[in-house]
Amino acid sequence: MKIVRIESYVAEQKVDTPFSFSQFEFQTRQVCLVKAVAEDGSYGWGEGYGPATVVRAGVDFLAPLVCGEDPLHVEAIWNKMRLRALDYARRGVLVAAISAIDIALWDLRGKLLGQPVSVLLGGRRRERVKVYATGLYFTAADDLVGKLVEEAKGYAAQGFRAIKMKVGLDVATDVKHARAVRQAIGADVELMVDANHGYSLSEALSFARRIEELDISFFEEPVSPEDYQGYRELRERATIPIAGGECEYLLEGFRQLLSGRCVDIAQPDICAAGGLSEVKRIVALARAHHVNVIPHSWGTGIAFAAGLHLVSALDVLPGRMRMPEPLLEMDRSENPLRDNLTAPVFQVEDGKVDVPSAPGLGVDVDPDMLAELTVSD
Ligand code: CA
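Conventions adopted
Residues numbered from 1 in each chain as written. Predicted model: local features only at pLDDT ≥ 70, side-chain atom pairs only at ≥ 80, totals over all residues. Heavy atoms only, no water. Helix = DSSP H or I, 4+ residues; strand = E, 2+ residues; numbered from the N terminus. Expected span 1.5 Å × (residues − 1). Buried < 20%, exposed > 50% of the residue type's maximum accessible area, 1.4 Å probe, protein only. Phe/Tyr/Trp six-rings, centres within 6.5 Å; stacked < 30°, edge-to-face > 60°. Disulfide = S-S within 2.5 Å. Donors = N, O, S within 2.8 Å, 3.2 Å for Na, K, Ca; no water. Domains from an automatic or database assignment. Contact = heavy atoms within 4.5 Å. Buried area = accessible area lost by both parts, 1.4 Å probe. Salt bridge = Lys/Arg side-chain N within 4 Å of Asp/Glu carboxyl O. Core = buried A, V, L, I, M, F, W, Y, C linked by side-chain atoms within 4.5 Å. Pairing = 2+ DSSP bridges. Axes fitted to C-alpha atoms, helices over the stretch in contact; angles between N-to-C directions. Right-handed = clockwise from strand over helix to strand, strands pointing away.

Another aspect to go through is helix α3 (residues 93–113). Its 21 residues place the ends of α3 30 Å apart at the C-alpha level, agreeing with the 30 Å of an ideal helix rising 1.5 Å per residue. For α3, the tally of buried residues reaches 17 of 21 residues, placing the bulk of the element in the interior. Looking one or two residues past α3, Gly 114 carries a phi angle of roughly 70°, positive in sign.

Spelled out as structure tokens, the structure:
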């Protein structure tokens, strides 16, 4: 069996209510999707994280290397793509292009073998995965605190047992928001904060101390992803677990983060850090450093399904009789692409989502919707 075609698409849709995090505002959602087609017509879907048009250019650059190869040999193809990119992009968005193609090949391989991706990753340790709601972004609402409180209560009412909120505006405002949200959801729902590297080290430390009493499960991306020393110092001085890695790429990037003892929780994005082939290796490296992985996930159902399969097969540390449960990020911010383009639309029940059992990723793309949402060249 040979791969005959790698198709790339950029889909885009406006959001009704623009929202922002500590760095910039979103008015649209955009994604680069990849379809790997085999000679018998079977196909797999992949997705890249990052600026979609740039990811697509990377996919188109790499596609000729992949066509003609056997889709069962996914990691051999990965190596070929990686070697071709190495001279120009040791990190960054060309790695997201590799990731998108790699995910499509895992999906295709699963379909050809008649097995879900989680089985190919080593086996399903769990049929349902605990998810946390990512939301609580900043908007232009007159009463932002009131809006955050209502939104947080909504997630708890939907059954989420863990919620992550945005911080990184300024320490005083962020403390006020975090207190209001904790009070609204009560003590039984986990709460996490994400600064998207909006703080200096001293601000991050001050914030961590001021929210210590709020029982925060982790503090994500406190400082610049380039500031490994800052991560390490914060981790040594703060009591809240430190998470990071969504801006990190490949095994080599995570080696720096992990060997530097920068994080308690590593957060590779499967659609950016190197695809399922590489994140599988990142998980092994994290394990050797006694660090758990909670994948970053911010895209359509393809990205989310890849995360479900990975977490289904994930080993959690430390091993014990009452095993801790792994987590997966479930973005709840407005994303019409996630809701309209891919099926199934994943449902949360008791804070968990079923891992698809169909061969491959168990997700498909609506071709009519794709045609409608694709940005023309
Ligand atoms: Ca984040």
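Let's shift gears to the packing of aromatic side chains. Note on aromatic pairs: each is described by the distance of the centres and the angle between the planes. Scanning all chains against the criterion turns up 16 aromatic pairs. When the ring of Phe 21 is compared with that of Phe 26, the centres are 5.7 Å apart and the planes differ by 20°; the resulting orientation is stacked. A residue is classified by how much of its surface remains accessible, and Phe 21, at 14% relative accessible area, is buried. Residue Phe 26 is classed as buried on the basis of its relative accessible area, which comes to 17%. Taking the centre distance of 5.5 Å and the plane angle of 70° together, the rings of Phe 207 and Phe 219 count as edge-to-face. Of this pair, Phe 207 sits in helix α7 (residues 201–210) while Phe 219 sits in strand β7 (residues 216–220), and the two are 12 residues apart along the sequence. Here Phe 207 matches Phe 219 in class, with each residue buried. Put simply, the rings of Phe 19, Phe 21, Phe 24, Phe 26, Tyr 137 and Trp 298 pair up and form one aromatic cluster.

Enumeration over the complete set of coordinates arrives at 0 disulfides. Among the cysteines around Cys 67, which has no disulfide bond, Cys 32 carries the closest sulfur, lying 15 Å off. A relative accessible area of 30% means that Cys 67 is categorised as partly exposed. Free cysteine Cys 247: the closest other cysteine sulfur is in Cys 262, separated by 14 Å.

A separate point is the coordination of the calcium ion. Protein-derived coordination of the calcium ion comes from Asp 194 (OD), Glu 220 (OE) and Glu 246 (OE), at a distance range of 2.1 to 2.3 Å. Donor residues binding the calcium ion come from one chain and are separated in sequence as D-x25-E-x25-E. Linking Glu 220 in strand β7 with Glu 246 in the loop between β8 (242–244) and α9 (250–259), this pair joins segments that are 26 residues apart in sequence. Exposure class is identical for Glu 220 and Glu 246. Each is buried.

It is worth spelling out the domain arrangement of the chain at this point. Each assigned domain of the chain is listed with its residue range as follows: domain 1 (3–115 + 365–373) and domain 2 (119–362). A C-alpha centroid distance of 23 Å is found between domain 1 and domain 2. If you look at the interface, domain 1 gives 48 residues, while domain 2 gives 50 residues. Here domain 1 packs against domain 2, burying approximately 4100 Å² in sum over the two surfaces, 64% of which is carbon and sulfur. Among the residues domain 1 hides against domain 2, the three largest losses belong to Arg 29, Tyr 49 and Trp 106. Together they make up 20% of the total. Taken together, the connections running from domain 1 to domain 2 amount to 3 salt bridges.

In this section: the nonpolar core. One finds Ile 6, Val 59, Ile 101, Phe 207, Ile 211 and Phe 219 to be the most contacted residues of the largest nonpolar core, which totals 118 residues. When residues of this core are assigned to their parent elements, the largest contribution, 12 residues, is made by α3. The residue makeup of this core includes at least three contributed by each of domain 1 (3–115 + 365–373) and domain 2 (119–362). With sequence-adjacent residues up to four places away left out, Ile 211 is seen in contact with Val 175, Ala 178, Val 193, Ile 216 and Ile 240. Membership of the second largest hydrophobic core comes to 8 residues, among which are Tyr 132, Ala 162, Met 192 and Ile 265.

A separate point is the sheet that holds strand β3 (residues 43–48). Taking strand neighbours across the sheet as the criterion, the 3 strands line up as β1-β2-β3 in an open arrangement whose pairing is antiparallel. This sheet does not close on itself; its edge strands, each paired only once, are β1 (3–20) and β3. Adjacent strand axes in the sheet meet at a mean angle of 25°, parallel and antiparallel pairs treated alike. Judged from the 6 bridges that link them, strand β2 (residues 25–38) and β3 form a sheet pairing that is antiparallel. Pairing of Cys 32 across the sheet is with Gly 48, part of β3.

An ideal rise of 1.5 Å per residue puts 20 Å on 14 residues; helix α10 (residues 275–288) measures up with 20 Å between its terminal C-alpha atoms. Considered for burial, the residues of α10 that qualify are Gly 275, Leu 276, Ser 277, Glu 278, Val 279, Ile 282, Val 283, Leu 285 and Ala 286. Along its buried surface, α10 packs onto α2 (74–86), α3, α4 (117–120), α9, β10 (292–293) and α11 (301–312).

Buried residues dominate strand β6 (residues 190–194), accounting for 4 of its 5 residues. Across 5 bridges, the pairing between strand β5 (residues 162–166) and β6 is parallel. Paired with Ala 162 across the two strands is Glu 190, which belongs to β6. For the segment spanning β5, helix α6 (residues 171–185) and β6, crossover handedness is right-handed. With 3 bridges connecting them, β6 and β7 associate as parallel partners. The residue of β7 that forms the bridge with Val 193 is Phe 219. Once the chain exits β6 it traverses α7 before rejoining the sheet at β7, and the crossover so formed is right-handed.

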